[in-house]
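Tertiary structure, described
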Amino acid sequence: MQLDSRPAVPGAADPPAAPPHRRWRIGRFLFDATTRRLVDSEGSGLAAGEQLSVKTAAVLQRLAEAGGDVVLRERLIAEVWDGNTYTGSRALTHAVWQLRRVLDDAPGAEQGLTDEAGSAIQTISKTGYQLRLPAMAEPAPVAAPLPTSEASAVAEARAVPVTSANKSPLRRLPAMAGALVLVLVLAITAGAAWWLQPGNEKATAGVDRTPPQPMTLLDGVENYPAVSPDGQRLAFVWSRGEGDVRLRIVERNRPEAPVIELREPAEMHLASPMWLGPDRLAYARAREGEDCEIVALTLPEGQPEKLASCFYQFRVGFVDASPDGRWLALARPLKSTGQDDTGGGAIFLHEIATGQERQLTRPSGGETDVQPAFSRSGKLLAFMRGSITVGDVFLAEVAGGQATRLTHDDAPLGGMAWLADDRGIAFNSARDGTQATWRISPQGGEPTLFSRAQAAIHLATLPGEPNAVAASVYKFADSIELLDGHDGHLRETLAASSRNLYAQACPSAGQVLFLSFRSGRIGLWTVDRPGQAPRELPLPPGTPEPAGCAADEPRWATTLRPPGSATDLLLLGRLNRDEPPQAIPLDGNYGNVTWALDKRSLLLAGDRGGRRELWRFDLASHQFLRLTDDHGQFGQEVQTAEGRWLYYARQNEAGLWRRPLDAQGSIGAAQRVHAGLSPEDWGNWQWHDGALWLVLRGKKQDRVVRVDADGQHETLAFTLPAGWLRRFRSFSLAPNGTLVASVSGPVQADVVRLAGP
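Please read these numbers as outputs of a predicted model, since none were measured by experiment.

So, on to the sheet that holds strand S54 (residues 714-721). Ordered by their spatial adjacency, four strands build an open sheet running S51-S52-S53-S54, and the pairing between neighbours is antiparallel. With partners counted over all chains shown, the strands left at the sheet margins are strand S51 (685-688) and S54, one partner each. Within this sheet the neighbouring strands show an average axis-to-axis angle of 20°, counted without direction. Strand direction decides the pairing type here: S51 and strand S52 (residues 691-696), joined by four bridges, are antiparallel. Bridging from a neighbouring strand, tryptophan 685 pairs with leucine 694 of S52.

This is the structure in structure tokens:
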């Protein structure tokens, strides 16, 4: 499936227009978010300017928009890396490092030292980042024609809209179709899917732009591909759910041939199968956080025999075998070898026949060498030097150990493999701000793009195919699940080849409202009844927030940020009418809509007066009435035997509160009714059947509990897998007790074939 061949969605709104150009003065620097150029206005450093990568520029833009407020790491990963925690966590650290290198005036800034007293960007422990330089938006000049080399990169930058800093969940996610289409397409064929992000025309010139071809078709996680020297067999590690981990060996050209399968208990990790010959295979087995062992067996019925000890690191390459089956290259911490405890780690050569070992690489300054990969000739070894996941590609001579540095990116790296003719090394890297697979010559030079398949964690050469490698590629999918509120029994799953978010049950209509990327952009979708295909509601261009349903009629409400606008629209619609919703302009940023008991007003969280609070909005007069003065984030009106109450969660504070309401809607003093609700679960609670229902997080499992109105008595409803329910506002109960939840899909990997130029 080609990226641009998706059929149009009937009734879908036109794609949002590109936001206006944005320029910022950040301290003494001028930053153009459109061209990504950063210029030192005093001329002492970057007088000619430096062009940031797309992702690094997006991080700086969001820090500038925050006006000195702390920007959560989760928000940056969600907006800039589309919620891909594996890639985004490492790439964000690198992006901040790059920004400090440019912005810092403190001594040593050229080395990118982090968190010095004078650093322009401060790390807030376990929270996020804060820009400490003053940042002011400036009018954009009339745009000059861009050089051809920059045009496609700028087009990608424009795909992410400029929004003011806020705490609503959806604006922590990518807000425009371009960013989504560029980053996440799960093309499905015969049950297999893969990540694909197309590059721009110039960057991908000469590259095979067809999607990566699947080599395996299993449902689950497929890792560590290894192709036998004759190219006939594929070995890989496979697991699904909580079941046993298996090492599978399949015939590439004879799918009907019997599969050889080795099993280990679920707590045992299998990793890095390596071929020592056409019929001899070695692999690693270990328990999490413990040392491991390399074992070998002769197929089809040989018994495992131990070859060497190893040090296991999940998703990191730590062992490789030479093509002649003589040597193992093992990445180990230096302190575990009996040598001086200098920190870091080196690569050791282990002779299989004799068991003798020698240290091959000698990093300095606490650096770590990982991802060893033998050349097809066996004379050279490629590896990564840096931290455990961030660094550069190096090359060592197996005979003498002399190491040569090939890249100077200091970027997050993934898998690494030699191409079949030894003329190039393929490696996965975020060197341009987003994960992709690159190719570099053993003689060095500038890397060239090999494939835009993202998150290729493990790579392997395909013998006899010089321009192809096998890769295990990670992807993520979310779904909406309907559970019985009494016992947690799964009733139905609504899955998509994209993300489904923030589902809400709409009681009287029996419908579910949710946000989804199904149409290539964030839209509002609904399911009328179980088993029916979802349909997208017609909305004006822009980014909608999670919707709220009226209690006893098929009405919904949400807020939406139009492209290029600094204020929101309030949208009111009916589920039983296929017509555009009513749009009411608002004077600021609002979200977290719920319906009041009088059916004539809404509760919204808004930034009126410069701080986030809960407000009542009268639908007839369009007047606002403030309901909280303690940073209310999400609220619901509740009628109990004691009277009418406002129950609500506070911004960035654990717990749940309530305030009494009189006939005119005025509020009384706040009372804390529960302390266990996570700050990020501010919307994962509801009043149902005369009680509060909450989601309480735990290390091993999460719980749904039923709590009396005053918070004094708590009853367990059912348990959930830890982290299964999404954060923010992903929990909703229908009158019949059905729990509608947006859940995080399993991490899944496919073994795919990547073709290069």
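A separate point is the side chain of glutamine 686. By the secondary structure assignment, glutamine 686 is in strand S51. Residue glutamine 686 is classed as buried on the basis of its relative accessible area, which comes to 14%. Reaching out from glutamine 686, the side chain makes a polar contact with the backbone oxygen of leucine 733 at a distance of 2.8 Å. Contact partners of glutamine 686, with chain neighbours within four places excluded, come to Gln636, Ala691, Leu692, Trp693, Phe731, Ser732 and Leu733.

One finds Ile249, Ile294, Leu307, Phe318, Leu328, Met416 and Ile425 to be the most contacted residues of the largest nonpolar core, which totals 63 residues. In contact with phenylalanine 318, other than residues within four places in its own chain, are Ala271, Ser272, Ala284, Cys292, Cys310, Phe311, Tyr312, Gln313, Ala329, Leu330, Ala331 and Pro372. If you look at the next biggest cluster of nonpolar residues, it comprises 35 residues, including Leu524, Phe634, Leu677 and Ala709.

The next point concerns the confidence of the model for the protein. As a note on interpretation, predicted positions should not be read in detail where pLDDT is low. Averaged over all residues, the pLDDT of the protein is 77; the fraction at 70 or higher stands at 75%. A low-confidence stretch, residues 140-168 (pLDDT under 50), is modelled with 58 contacts involving residues beyond four sequence positions or located in other chains. Confidence drops under pLDDT 50 across residues 336-341; counting only partners more than four residues distant or on other chains, this segment forms five contacts.

What follows deals with the environment of aspartate 587. Tracing the backbone shows aspartate 587 in the loop between strand S42 (582-585) and strand S43 (590-595). Along the primary structure aspartate 587 and arginine 608 are separated by 21 residues, whereas in three dimensions their C-alpha atoms are 8.2 Å apart. Sequence-distant contacts of aspartate 587, defined by excluding residues within four places in its chain, comprise Thr567, Arg608 and Phe624. Only 2.7 Å separates the side chain of aspartate 587 from the side chain of tyrosine 590, close enough to count as a polar contact.

All right, on to the side chain of aspartate 369 then. Positionally, aspartate 369 belongs in strand S22 (residues 368-374). Reaching out from aspartate 369, the side chain makes a polar contact with the side chain of arginine 385 at a distance of 2.8 Å. Among all residues touching aspartate 369, those that are not within four sequence positions of it are Ala331, Gly345, Ala346, Ile347, Thr361, Pro363, Phe383, Met384 and Arg385.

A word on the state of the cysteines. Under the definition given, this model contains two disulfides. For cysteine 506, the disulfide goes to cysteine 549, at an S-S distance of 1.9 Å. Separated by 43 residues along the polypeptide, cysteine 506 in strand S34 (residues 500-506) and cysteine 549 in strand S39 (residues 548-549) bring together distant segments of the chain. Assigned by exposure class, cysteine 506 and cysteine 549 land together as buried. Here the bonded cysteines of the protein are numbered in sequence order, and their pairing is 1-2, 3-4.

All right, on to the pairing of strand S16 (residues 291-298) then. Sheet analysis places strand S15 (residues 280-287) next to S16, joined by seven bridges and oriented antiparallel. Residue pairing for S16: alanine 282 is matched across the bridge by alanine 296. Between the antiparallel neighbours S16 and strand S17 (residues 305-311) lie six residues.

Here we come to unusual backbone geometry. With an omega of 10°, the peptide bond between leucine 299 and proline 300 qualifies as cis. Summarising the element assignment, proline 300 is placed in the loop between S16 and S17. One non-glycine residue, tyrosine 224, lies in the positive phi region at around 55°. Counting through the fold element by element, tyrosine 224 comes out in strand S10 (residues 221-227). Judged by its relative accessible area of 5%, tyrosine 224 falls in the buried class. Its identity as a non-glycine residue notwithstanding, histidine 631 has a phi of 65°, on the positive side. Summarising the element assignment, histidine 631 is placed in the loop between strand S46 (624-626) and strand S47 (632-640).

Looking now at the sheet that holds S46. Pairing is antiparallel across the open sheet formed by four strands, whose spatial order is S43-S44-S45-S46. Strands at the two margins of the open sheet, each flanked by one partner only, are S43 and S46. The average undirected angle you get between the axes of adjacent strands in this sheet is 30°. Across three bridges, strand S45 (residues 613-618) lies against S46 in antiparallel orientation. Along S46, the bridge assignment pairs tryptophan 615 with arginine 626.

Here is what the cut-offs are and how they apply
- Each residue is numbered by its place in its chain's sequence as written, counting from 1.
- Given that the model is predicted, a residue must reach a pLDDT of at least 70 before its local features are reported, and side-chain atom pairs must reach 80 or more before they are shown or counted; all residues, however, enter totals for whole chains, interfaces and linings.
- Hydrogen atoms and water are omitted, and side-chain values are computed over all heavy atoms in the structure.
- Pairing between strands requires that DSSP locate at least two bridges from one strand to the other.
- Strands are runs of DSSP state E lasting at least two residues, helices are runs of H or I lasting at least four, and both sets are numbered from the N terminus onward.
- Here an angle of 0 to 180 degrees is reported between the N-to-C directions of two axes, which are lines fitted to C-alpha atoms, with helices fitted over the stretch in contact.
- Under the scheme applied here, a residue whose accessible area is under 20% of the maximum for its type counts as buried, over 50% as exposed, and between as partly exposed, the area being computed with a 1.4 Å probe on protein chains only.
- A 3.5 Å cut-off defines polar contacts: any pair of N or O atoms within that distance qualifies, except that in protein one atom must be a possible hydrogen donor and the other a possible acceptor, and neighbouring residues in sequence count only when both atoms are side-chain atoms.
- Should any heavy atoms of two residues lie within 4.5 Å, those residues are considered in contact.
- Put simply, buried Ala, Val, Leu, Ile, Met, Phe, Trp, Tyr and Cys residues joined by side-chain atoms within 4.5 Å make one nonpolar core.
- As a per-residue quantity, pLDDT reports the predictor's confidence and falls between 0 and 100.
- In this description, the term disulfide denotes a pair of cysteine sulfurs within 2.5 Å.

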